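Observations on the model geometry
Chain by chain, the residues run as shown.
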Amino acid sequence: MLSYLQHRRDRERKRDQIRERLDHTPPIYAEPSADEDAKILALSLSQLVAACAEKSVSPLDVLRAYGKRALSAHAATNCLADVFFDDAERTARLVPSLDPKPLAGVPVGIKDCIDVEGHDTTLGFSANTGRPARSSAPLVRLLRDAGALIYVKTTLPTACLSFECSSDIFGVTTNPYNPAFSPGASTGGGAALLAWQGTLIEVGTDIGGSTRYPAVYCGLYAVKGTLGRFPNTGCVSCTPGLEAVPTVTSPLARSLDDLEEFWRRVVEMKPWEYDHTCAPIPWTPVDFLTSGRKLRFGLIADDGVVPPTPAVARALHEVVTALRDQGHEVVPFSPPSPLEGLKIGYQLMFSDGAVSVLEPRRSGEFVNPALLTVRFILRLPLWLKKIQATFLRWFSRPRGRNESWASLLEIFHPRTALQERKLVVQRDAYRAAWHDAWHEQGLDLLLTVPHALPAMPKDPAASDQATLVSANYAFLYNILDCAAGVMPVSYVDRAQDSYAPDFRHSERYRNMSDIARAVHGLYDADAMNGLPVGVQVVGGRFQEERVIAGMRLIEYALWAERDKGFVPRSF
């Protein structure tokens, strides 16, 4: 009872604090956007920095243009966890200097799991409210030294591990393209803000797709780097102490140009001098367009766990066709079993029985049902799970359709320290086998989907129906610690992307596992019409430049061959 009362008290206090800060923003941010604001919003990152250097635009004007949009975005989607325009205005007045700064005047949103001095880092838990960070994360210090304007923190779901973005302290954040759907998670607030042009860059974190899902759900670009390429200290993980499957800090942007410029300029700031976890690897540009070299892409159209739904499959097919039309080779990739990699990864992530991820939770505090289901399964006796797995194998028809679900279920259990170390050995062997398969098949990059669905409905029950197993297409590359990027390609089109009337009587559906059927049960081309769909581009470890170059090649191919590149919607 005491825990519940503390939760209610701190939840209301945090809500009041957010309302008060929004109500007391300087009046200029409540004014309608003017023509001068529109001109600022139309500038790319490099153009904006150049304009600030030339003093044709002031950082204060930039802050006000984007600040107005941020408040509009929040009114529409509920995406802000904290606002501090006054702090940012003081920074904006200090930005002009004799030495040009690489991110001068660039507005950056910060996910509410990254420390900003004087502000809470909540991870969506009421227990973390009223405890402002004593110092800023090295990344935040680097960004401010580079001239960036940090003025908002963005919402995230309780405990982060979720497809929808909701918590008791912040409420529900919705997708700008359709409020019935999630903006993705856990960097959902930042993606909604970015899609609304309430910021130029958002910095989030990714442990199983947590920047890539929001990016693709909201028509944005993101690249998750290898651990050590981007500053990570002070970016609080929802699984503290877990090194076997690390949380990685990653940026999102509205355009590929802005994403590449931000990555480059951060790395050129020598982040290893700010953060001891960063590897001293300089930025090395890669340009496949001007080189004229034809690439060999591997393709995973279906990983054997959850096949993609029609709109997602179509987006991948359009990319494959455009690349082939440009003379590039796209071949099916035969890696080590993705299912085996996922089995290793899920055991490592939840080796503690999901205790750490839910440790800050108070009595009565909302957590998405999918995570609670994970904890429930972890707590079941292992012998009972093995019996259930046996039943799935024996009684599922056609025989074998539930093999993936059964093999996950029978190993999904807390692990001892010794068992966890053995799993790390298995993970390393899996990474080595993947590396060998990649080079034996002569790949430059890999193409696949980000998720089986275009977006998840905002109702938390949808995440529970899909289960965290449906993070398969993104989580695998956290296990491998590869560089992986997502980019928008098209929109769901009910005319092209609906199921055939007899789909649920088809052989394809009959052969799906229970998990795959549950995911496809959420797909509705009518309801999802107009939502963005995209693809995922994967490289090797520390190959962020190559992944971005591959994304640029795809973007060029879509426009050159099909005149069907992605155009984001304006809000």
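Preceding this paragraph is the structure being described.
These lines cover the structure that appears in this document, whether it is placed above or below. (Residues numbered from 1 in each chain as written. Predicted model: local features only at pLDDT ≥ 70, side-chain atom pairs only at ≥ 80, totals over all residues. Heavy atoms only, no water.)

Looking at the sheet that holds strand 12 (residues 484–491)
Spatial strand order, 1-3-2-6-8-7-12-13-11-9-10: eleven strands in an open sheet with mixed pairing. Two strands close off the open sheet at either side, each with one partner strand: strand 1 (80–83) and strand 10 (329–332). Pairs of neighbouring strands in the sheet enclose a mean axial angle of 30°, with direction left out of account. Relative to strand 11 (residues 445–448), strand 9 (residues 296–299) is paired through three bridges, and the arrangement is parallel. Its bridge partner being in strand 11, G298 is matched across the sheet by L446. Relative to strand 13 (residues 532–538), helix 11 (residues 310–325) is tilted by about 55°, and along the sheet it contacts strand 9, strand 10, strand 11, strand 12 and strand 13. (Pairing = 2+ DSSP bridges. Helix = DSSP H or I, 4+ residues; strand = E, 2+ residues; numbered from the N terminus. Axes fitted to C-alpha atoms, helices over the stretch in contact; angles between N-to-C directions. Contact = heavy atoms within 4.5 Å.)

Digging into the layout of surface pockets
Considering only enclosed or pocket space, the largest pocket measures out at about 340 Å³ in volume. As for the largest pocket, its lining consists of 14 residues, of which L227, N232, L242, E243 and T247 are closest to the centre. The residue makeup of the lining of the largest pocket, split by class, is five nonpolar, eight polar and one charged. (1 Å grid on protein atoms, 1.4 Å probe; cavity = no way out; pocket = protein on both sides within 12 Å on 5 of 7 lines; lining within 4 Å. Points joined across faces, edges and corners; volume = space filled by probe spheres on them. Nonpolar A, V, L, I, M, F, W, Y, C, P; charged D, E, K, R; others polar.)

Describing the packing of aromatic side chains
Taken as a whole and judged by the stated rule, the model has 22 aromatic pairs. Their ring planes at 65° and their centres at 4.9 Å tell us that F230 and W263 sit as a pair that is edge-to-face. Of the two residues, F230 is situated in the loop between strand 7 (221–224) and strand 8 (248–253) and W263 in helix 9 (residues 256–268); the sequence distance between them amounts to 33 residues. The class of W263 is buried, set by a relative accessible area of 0%. Between the aromatic rings of F503 and Y509, the centroid separation amounts to 5.5 Å while the plane-to-plane angle is 65°, which identifies the pairing as edge-to-face. Y509 sits in the buried class, given a relative accessible area of 14%. (Phe/Tyr/Trp six-rings, centres within 6.5 Å; stacked < 30°, edge-to-face > 60°. Buried < 20%, exposed > 50% of the residue type's maximum accessible area, 1.4 Å probe, protein only.)

Overview of the side chain of K224
Mapped onto the secondary structure, K224 falls in strand 7. Of the side chains bearing the opposite charge, D481 lies closest to the buried K224, which forms no salt bridge; the N-O distance is 4.5 Å. Of the polar contacts made by the side chain of K224, one reaches the backbone oxygen of C482; its length is 2.6 Å. (Lys, Arg positive; Asp, Glu negative; His and termini not counted. Salt bridge = Lys/Arg side-chain N within 4 Å of Asp/Glu carboxyl O. Polar contact = N/O pair within 3.5 Å; in protein donor to acceptor, adjacent residues only side chain to side chain.)

Points about the packing of helix 4 (residues 59–77) against helix 5 (residues 85–94)
For the pair helix 4 and helix 5, interaxial distance at closest approach is 8 Å and the crossing angle is 155°. Taken together, the axis directions place helix 4 and helix 5 in an arrangement best described as roughly antiparallel. Two packed elements cross with a definite hand, and for helix 4 against helix 5 that hand is right-handed. Residues P59, L60, L63, R64, G67 and L71 of helix 4 form the contact with helix 5, whose own contacting residues are F85, A88, E89, A92 and R93. Taken together, the residues of the contact of helix 4 with helix 5 sort by class into seven nonpolar, one polar and three charged. (Parallel < 35°, antiparallel > 145°, perpendicular 65-115°, else oblique. Left-handed = near helix turned anticlockwise from the far one by under 90°.)

Some points on helix 3 (residues 45–54)
Among all positions of helix 3, only L45, L48, V49, A51 and C52 are buried. Angular distribution of buried residues about the axis of helix 3 spans 160°; they occupy a single face of the element. Residues of helix 3 that are exposed and angled more than 90 degrees away from the buried face: A53 and E54. Looking at the packing, one finds that the buried side of helix 3 touches helix 2 (35–41), helix 4, strand 2 (107–111), strand 6 (201–206) and helix 9. Within two residues after helix 3, K55 carries a phi angle of roughly 65°, on the positive side. (Arc of directions from axis to C-beta.)

A closer look at empty space enclosed by the protein
Taken as a whole, this structure holds three cavities of 30 Å³ or more when the rule is applied. Lining the largest cavity are 16 residues, and of these L161, S162, G208, L468 and A471 lie nearest its centre.

Some remarks on the environment of G442
As for its position among the elements, G442 is in the loop between helix 17 (417–440) and strand 11. Taking the relative accessible area as the measure of exposure, G442 reaches 39% and is therefore partly exposed. For the pair G442 and L295, spaced 147 residues apart in the sequence, the C-alpha separation amounts to 9.8 Å.

A short note on the pairing of strand 2
The element strand 2 is largely enclosed, with a buried count of five among its five residues. With burial as the criterion, each face of strand 2 is covered, one bearing P107, G109 and K111 and the other bearing V108 and I110. Bridge count between strand 2 and strand 3 (residues 149–154): five bridges; the pairing is parallel. Its bridge partner lying in strand 3, I110 is registered against K153. The parallel pair strand 2 and strand 3, bridged by helix 6 (residues 138–145), forms a crossover whose chirality is right-handed. (Right-handed = clockwise from strand over helix to strand, strands pointing away.)

Comments concerning the packing of helix 17 against helix 19 (residues 472–479)
For the pair helix 17 and helix 19, the least separation of the axes is 10 Å and the interaxial angle reads 100°. By the criterion of interaxial angle, the relationship of helix 17 to helix 19 is roughly perpendicular. Counted together, R427, Y430, R431 and W434 of helix 17 and L476, Y477, N478 and I479 of helix 19 form the full contact between these two elements. Residues of the contact of helix 17 with helix 19, tallied by class, amount to five nonpolar, one polar and two charged.

What about helix 5?
Taken as a whole, helix 5 has its buried residues at F85, A88, E89 and A92. Within helix 5, the buried residues cover an arc of 105° as seen down the axis, which keeps them to one side. What points out from helix 5, more than 90 degrees from its buried face, is the exposed set R90 and L94. Among the structural elements, helix 4, strand 1 and strand 3 are those in contact with the buried residues of helix 5.

Quick notes on the environment of L371
Among the structural elements, L371 can be located in helix 14 (residues 369–379). Since its relative accessible area comes to 0%, L371 is described here as buried. Distance from L371 to L468, taken between C-alpha atoms, is 7.5 Å for residues 97 residues apart in sequence. With near-sequence residues (within four places) excluded, L371 lies in contact with A159, L161, F350, V357, L358 and L468.

Some thoughts on the environment of G550
Tracing the backbone through its elements, the reader meets G550 in helix 24 (residues 544–562). When its relative accessible area of 0% is taken as the criterion, G550 is described as buried. Through-space distance from the C-alpha of G550 to that of D444 is 9.0 Å; in sequence the pair is 106 residues apart. Once residues lying within four places of it in the same chain are set aside, the contact partners of G550 are F288 and L445.

Topic: the pattern of salt bridges
One pass over the full model with this rule turns up 34 salt bridges. Note that D10 is salt-bridged to R13, the shortest N-O span being 3.3 Å. Of this pair, D10 and R13 are both found in helix 1 (residues 2–23), three residues apart, which corresponds to roughly one turn of the helix. Ionic pairing is found between R541 and D481, a salt bridge with its closest N-O pair at 3.1 Å. With R541 in the loop between strand 13 and helix 24 and D481 in the loop between helix 19 and strand 12, this pair connects stretches of sequence that are 60 residues apart. We classify R541 as partly exposed; its relative accessible area is 43%. Overlapping salt bridges bring together R9, D10, R13 and R362 as one network.

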